[in-house]
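Spelled out, the chains give:
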Amino acid sequence: MTTTGTAIDATQIEADARRLAASHPAEIIAEALSRFDSLTVSFSGAEDVVLIDLAVREAEKQGRSFSVFTLDTGRLHPETLEFIQQVSDHYGVTIEAFAPQAAAVERLVRAKGLFSFRSDGHQECCGIRKVEPLGRALADVDAYITGQRKDQSPGTRAEIPVVQLDPGFGRQDNPLVKFNPLANWTSAQVWQQIMAYGVPYNPLHDRGFKSIGCAPCTRATHPGEHERAGRWWWEEATQKECGLHAINLAEPAE
Ligand code: SF4
């Protein structure tokens, strides 16, 4: 619940998004911390570690707390797994890993093999390995913080606000607020922050990976290529969401 116990209202959230649109990510995270008792940070193991860095510092100032979770899909690069532990140790925070349901993974792999996403789209595999675990990760929180940016995906993220209601994982009687503090930052600004504050980063970035997800669905990009070109490169740009942020799609991915 909010610190004041007030109900979460869609009109109010839209007004908050307008009010905070030009705010620094630290200010947006500070507001999230001050308003929500049950707040979690979604950490993907990529450059959105700046969220944890900012949240740790803001939480210390306010004497507030937050949790961190990640989705261990079972298909992450070894470097990403090492990095998740490194970040946990560096900041002294527990990063709660949510894994897919073993029975669902077994059914998919038995029926379609290990790489079905290459021939029939990534939604089914992402649904099992990411979306279902995300639902569990968000089941008991009132608000969460993501590293989404507008410049990550012109096809699907160009309009994301810095704060919004999440109708996908929230319910009408139990709304979920989603903060996107980096929405208006560019990749270059994120990297300036990483370098300026000595924020740890995934070593795959030094090998040409701009956007990092599961190993079989992520590749290094060439100079000048958009970062989203390194994800699900066999699919249309307008479908490059894994269901975690399906709210961004004009038409939900099937
Ligand atoms: S990104 Fe690829 S491997 Fe990972 S859950 Fe989605 S389809 Fe499966």
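Scroll up a little and you will see the structure.
Here's a quick rundown of the structure. Please read all numbers here as calculations on a predicted model, not as lab measurements.

Brief notes about the packing of helix 2 (residues 25–35) against helix 3 (residues 49–62)
For any two helices packed against each other, one specifies the crossing angle of their axes together with the interaxial distance. One way to put it is that helix 2 packs onto helix 3 with a least axis distance of 9 Å and a crossing angle of 50 degrees. One way to sum up the angle between helix 2 and helix 3 is to call them oblique. The handedness of the crossing between helix 2 and helix 3 comes out as right-handed. Contact with helix 2, carried on its side by Pro25, Ala26, Ile29, Ala30, Leu33 and Ser34, involves Leu54, Ala55, Glu58, Ala59 and Gln62 of helix 3 and no other residues of that element. The residue inventory of the contact of helix 2 with helix 3, partitioned by class, reads eight nonpolar, two polar and one charged.

Observations regarding the sheet that holds strand 5 (residues 163–165)
Taken together, six strands build an open sheet; the order of strands is 3-2-1-4-6-5 and the sheet is mixed. One side of each edge strand has no neighbouring strand; the edge strands of this open sheet are strand 3 (95–98) and strand 5. On average, each strand axis in the sheet is inclined to that of its neighbour by 30 degrees, with strand direction left out of account. Where strand 4 (residues 143–145) lies against strand 6 (residues 177–179), three bridges are found, and the strand directions are parallel. Each residue of the ladder has a partner; that of Ala143, found in strand 6, is Val177. Lying on the sheet, helix 2 is in contact with strand 1 (39–42), strand 4 and strand 6; it crosses strand 4 at an angle near 155 degrees.

Cut-offs applied
- Residues numbered from 1 in each chain as written.
- Predicted model: local features only at pLDDT ≥ 70, side-chain atom pairs only at ≥ 80, totals over all residues.
- Axes fitted to C-alpha atoms, helices over the stretch in contact; angles between N-to-C directions.
- Helix = DSSP H or I, 4+ residues; strand = E, 2+ residues; numbered from the N terminus.
- Parallel < 35°, antiparallel > 145°, perpendicular 65-115°, else oblique.
- Left-handed = near helix turned anticlockwise from the far one by under 90°.
- Contact = placed C-beta atoms within 7 Å.
- Nonpolar A, V, L, I, M, F, W, Y, C, P; charged D, E, K, R; others polar.
- Pairing = 2+ DSSP bridges.

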